[in-house]
Amino acid sequence: MSLSGAPALAAMLHLSAHEALSGVFGSVSLASWIFLLVPQLIENYKQGSADGISLAFLAVWFIGDITNLVGALWAGLVPTVTALAVYFCFADLILISQCLYYNFINSRKTRRPSARSTQTMDSAEQPLLGRRDSNIGLPGSHRRRSSARSHRESINRTDSLASIVEEETGGREWIKNSLSILGVVAVGTAGWAIAWKTGIWKPTPLSDDAGTTEVALGAQILGYASAVCYLGARIPQIIKNQREKSCEGLSLLFFILSLLGNATYGAGIIFHSVERDYFLTNLPWLIGSLGTMVEDATIFVQFRMYGDNSPSAVV
């Protein structure tokens, strides 16, 4: 081995626990955000619609990701943070494009049947009323009433079976979500271990250059702007869920991965260093990531409250 590789080997052998945890948390966060959109994209595809998710939520989130990227580059944050910021922007564009596509297609489909239904409603209404009135007192009407009662009983039995199926679906959903979380954590941890062993990942030394304070001021302004966007992005979604009393069309795993990504994102920054200057530099990113966890918890409560309207919402 050449002498030039000795310092790198020494750094690998003397990796501190804080540096290792910072790398692991950052890698798990990266894995969470990589897989974040997949559940919601699949949910939209299965539903053939994006009505469940608020476009205002996605738009404000996208603005926050743009300011987050510029601020992270300006502040010279750890490479994991910058890589996440770049990926956020691409991921947002994919989900927004899918939502706009489904909204456009479904709006065209709904306009056509509504126009035809208004034309046929007037011609069909009067004969139906006449036939309904003519049934009064005719022979066989009692049989029709008893048939209606049996039909209602059949509907009640069907509803009972549907509730049983829904409970089973909720159990499978819980298992799927748990396995998905464990898989993401395993992938993130393994990815960091491979990157560390191969020398791709190395602990980022803290910079004591006094000139960085002047640059960090503008980066902090952008960081706080992104934090405000992140904190405000979920409000339209929360209001939409409350107004419609439903979380149908939303993927629960989407928000679970968001919670995991935000938690490990903030932990990766904190474990990198607890020095005052470094902490203050990263404070807006910590507010943006950890603060949204409270709003994610609010959406989890809505999933629980309105779970009857969406089988996939059962936890």
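Residues numbered from 1 in each chain as written. Predicted model: local features only at pLDDT ≥ 70, side-chain atom pairs only at ≥ 80, totals over all residues. Heavy atoms only, no water.

This paragraph deals with the overall build of the protein. Within the protein, the regular secondary structure consists of 8 helices and 0 strands. Along its sequence from the N terminus, the protein presents helices and strands in the succession α-α-α-α-α-α-α-α. Of the accessible surface of the protein, which amounts to about 18,100 Å², a share of 67% is contributed by carbon and sulfur atoms. (Helix = DSSP H or I, 4+ residues; strand = E, 2+ residues; numbered from the N terminus. Areas by Shrake-Rupley, 256 points an atom, 1.4 Å probe, with all protein chains shown as cover.)

A word on the UniProt feature "transmembrane region" (unreviewed entry) in the protein. UniProt annotation of "transmembrane region" (unreviewed entry) refers to residues 20-42, 54-77, 83-104, 179-195, 215-232 and 252-271 when read in the numbering used here. Spanning residues 20-42, this segment combines 100% helix with 0% strand, and its end C-alpha atoms are found 34 Å apart. (UniProt positions renumbered as here; feature names shortened; annotations may be inferred.)

In total, this model carries 10 aromatic pairs according to the counting rule given. Centre to centre, the rings of Phe25 and Phe271 are 5.4 Å apart; their planes meet at 35 degrees, and the pair counts as tilted. Note that Phe25 is positioned in helix 2 (residues 17-47) and Phe271 in helix 7 (residues 252-272), a separation of 246 residues in sequence. When its relative accessible area of 25% is taken as the criterion, Phe25 is described as partly exposed. What makes Phe271 partly exposed here is its relative accessible area of 25%. Counting every residue linked through ring pairs, the aromatic cluster contains Phe57, Trp61, Phe254, Phe255 and Phe303. Here the basic side chain of Arg234 rests over the ring of Trp61, its NZ or CZ set 5.6 Å away from the ring centre. (Phe/Tyr/Trp six-rings, centres within 6.5 Å; stacked < 30°, edge-to-face > 60°. Buried < 20%, exposed > 50% of the residue type's maximum accessible area, 1.4 Å probe, protein only. Lys NZ or Arg CZ within 6 Å of the ring centre and 35° of its normal.)

Turning our eyes to something else, we now look at empty space enclosed by the protein. To find leftover empty space, a probe the size of one water molecule is rolled over the atoms. Within this structure, the stated rule accounts for 3 cavities of 30 Å³ or more. Roughly 130 Å³ of volume is contained in the largest cavity. Around the largest cavity, the lining is made up of 14 residues, and of these Trp33, Trp61, Phe88, Tyr230 and Asn262 lie nearest the centre. Going through the elements one at a time, helix 3 (55-75), helix 6 (212-244), helix 7 and helix 8 (276-305) are the ones with two or more residues in the lining of the largest cavity. Taken together, the residues that form the lining of the largest cavity break down as 7 nonpolar, 5 polar and 2 charged. The calculated volume of the second largest cavity comes to roughly 40 Å³. Together, Trp33, Leu36, Leu37, Trp61, Asp65, Tyr87, Phe88, Ala91 and Asp92 line the second largest cavity. Looking at the lining of the second largest cavity, the elements with two or more residues in it are helix 2, helix 3 and helix 4 (79-134). Ranked by residue count, the leading element in the lining of the second largest cavity is helix 4, at 4 residues. Of the residues contributing to the lining of the second largest cavity, the split by class is 7 nonpolar, no polar and 2 charged. (1 Å grid on protein atoms, 1.4 Å probe; cavity = no way out; pocket = protein on both sides within 12 Å on 5 of 7 lines; lining within 4 Å. Points joined across faces, edges and corners; volume = space filled by probe spheres on them. Nonpolar A, V, L, I, M, F, W, Y, C, P; charged D, E, K, R; others polar.)

Now for the nonpolar core. Among the nonpolar cores identified, the biggest contains 41 residues, and Ile53, Phe57, Leu58 and Trp61 are the most heavily contacted of them. Among the secondary structure elements, those contributing two or more residues to this core are helix 2, helix 3, helix 4, helix 5 (141-197), helix 6, helix 7 and helix 8. Residues in contact with Leu58, not counting those within four places in the same chain, are Ile53, Leu95, Ile96 and Cys99. The next biggest cluster of nonpolar side chains, apart from the first, holds 8 residues, and it includes Val24, Trp192, Ala195 and Trp201. (Core = buried A, V, L, I, M, F, W, Y, C linked by side-chain atoms within 4.5 Å. Contact = heavy atoms within 4.5 Å.)

So, on to helix 8. Taking 1.5 Å as the rise per residue, helix 8 with 30 residues should run 44 Å; its terminal C-alpha atoms sit 42 Å apart, in good agreement. In the structure, helix 8 departs most strongly from a straight axis at Asn282, where the bend amounts to approximately 50 degrees and where the proline Pro284 lies between one and four residues downstream. (Expected span 1.5 Å × (residues − 1). Bend = angle between axes of the 7 residues up to and from the residue.)

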